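Read off the chains here:
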Amino acid sequence: MRFVSRASNAILGFEKRLITVLAGALVLLILFNVVTAAARVPVFWGDELAIYTMVWMTLIGASAMVRMRAGVAVTLVTDLLPANIRRSVARIADAVLLFCAVTLSVLCWWWYDPIALIGSGFDLDVFAQETFKFIYAEPTSTLAIPKFWVWLAVPLMASTMTIHALANLLEGPRDDAPAAGIGARPGA
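As the structure is a prediction and not an experimental result, all values here were calculated from the model.

**Quick notes on the pattern of salt bridges**
Phase 1: Evaluated as defined, the whole model comprises four salt bridges.
Phase 2: Measuring nitrogen to oxygen at the nearest pair gives 2.8 Å for the salt bridge that ties R67 to E171. With R67 in helix α2 (residues 44-68) and E171 in helix α7 (residues 153-171), this pair connects stretches of sequence that are 104 residues apart.
Phase 3: Look at E171 and you get partly exposed, because its relative accessible area is 25%.
Phase 4: Across the pair K133 and D113 runs a salt bridge, and its minimum N-O distance is 3.3 Å. Placement of the pair is K133 in the loop between α5 (124-131) and α6 (147-151) and D113 in the loop between α3 (83-112) and α4 (114-119), with a sequence separation of 20 residues.
Phase 5: Accessibility expressed as a relative area gives 23% for K133, which makes it partly exposed.

**Some remarks on a nonpolar patch on the surface**
Phase 1: Among the surface-exposed residues, V102, V106, L107, W109, W110 and I115 lie close enough to one another that they form a single nonpolar patch of about 610 Å² accessible area.
Phase 2: By residue number, the principal contributor to the nonpolar patch is α3, which donates five residues.
Phase 3: Tracing the chain through its elements places I115 in helix α4.
Phase 4: On the basis of relative accessible area, I115 is assigned to the exposed category, the value being 56%.

**Examining the packing of helix α1 (residues 2-38) against α7**
Phase 1: One way to put it is that α1 packs onto α7 with a least axis distance of 9 Å and a crossing angle of 135 degrees. What the angle tells us is that α1 and α7 run oblique. In this structure, the crossing between α1 and α7 has a hand that is left-handed. Residue-level contacts link V4, S5, S8, I11, L12 and E15 of α1 to T160, I163, H164, L166, A167, L170 and E171 of α7.
Phase 2: Residues that form the contact of α1 with α7 fall into these classes: seven nonpolar, four polar and two charged.

**Focus on the packing of α2 against α7**
Phase 1: Direction vectors running N to C along α2 and α7 enclose 10 degrees, while the axes themselves pass 8 Å from each other. Our classification of the angle between α2 and α7 gives roughly parallel. Of the residues in α7, those touching α2 at W56, L59, A62, S63, A64, V66 and R67 are A153, V154, L156, M157, T160, M161, H164, A165, A167, N168 and E171.

Quick notes on the rules
Throughout, a residue's number is its position along its own chain's written sequence, starting from 1. The predicted origin of the model limits local features to residues at a pLDDT of at least 70 and limits the giving and counting of side-chain atom pairs to 80 or more, whereas totals for whole chains, interfaces and linings rest on all residues. The side-chain figures draw on all heavy atoms in the structure; neither hydrogens nor water molecules are used. The term salt bridge refers to a pairing of a side-chain nitrogen on Lys or Arg with a carboxyl oxygen on Asp or Glu at a separation within 4 Å. What counts as a helix is a DSSP run of H or I of at least four residues, what counts as a strand is a run of E of at least two, and both are numbered from the N terminus. Any residue under 20% of the maximum accessible area for its type is buried, any over 50% is exposed, and the rest in between are partly exposed; the area is computed with a 1.4 Å probe on protein chains only. Residues with no salt bridge and a relative accessible area higher than 30% make up the patches, which join like charges within 9 Å and nonpolar side chains (Val, Leu, Ile, Met, Phe, Trp, Tyr) within 5 Å. All accessible areas in this document rest on Shrake-Rupley with a 1.4 Å probe, and a residue is counted as covered only by the protein chains that are shown. Angles shown run from 0 to 180 degrees and are taken between the N-to-C directions of axes, each axis being a line fitted to C-alpha atoms and, for helices, limited to the stretch in contact. Roughly parallel refers to an angle under 35 degrees, roughly antiparallel to one over 145, roughly perpendicular to one between 65 and 115, and oblique to any angle outside these ranges. Note on convention: near helix rotated counterclockwise from far helix by under a right angle means a left-handed crossing. Clockwise means right-handed. It only takes one pair of heavy atoms within 4.5 Å for two residues to be counted as in contact. Note on residue classes: Ala, Val, Leu, Ile, Met, Phe, Trp, Tyr, Cys and Pro are nonpolar, Asp, Glu, Lys and Arg are charged, and everything else, Gly too, is polar.

In structure tokens, the structure reads:
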């Protein structure tokens, strides 16, 4: 249990730093877009890169929020429950979140299908013909990089969220947490 908690807290620390860097990059990209648009020489890849930066920042932030137990919760009913039942409800919520994160991780594995990619000898045309998945072949609109690099945010978030949800479930609800067990900030 301690290993999972330590790993989760280490990941959380990295996520916080990465979110800060991405937020700074997003501000710079938006300013760059404003300046180039005002100069009547719009740079379209800047818009696309700003969107992808925001997507990555949001998904990494969602994972971090799981660990910090900072998700939005409606506690109207759970506030009325006795403390032991509230803790049980919080554990159930952690278990459901873990199930969702594991399910998303499995779906990402199927989506990226690394076994079939290896089986095709990393030949993207063969992979697409055999699996009817074009994830590795489709480029972004203006950056012209394969979209799978951008979409890596989803399996990354799913795997880190799985670790965070497992750590939360193993640790149990915190005594200083609100009634539903959400809102405490471990490792903050």
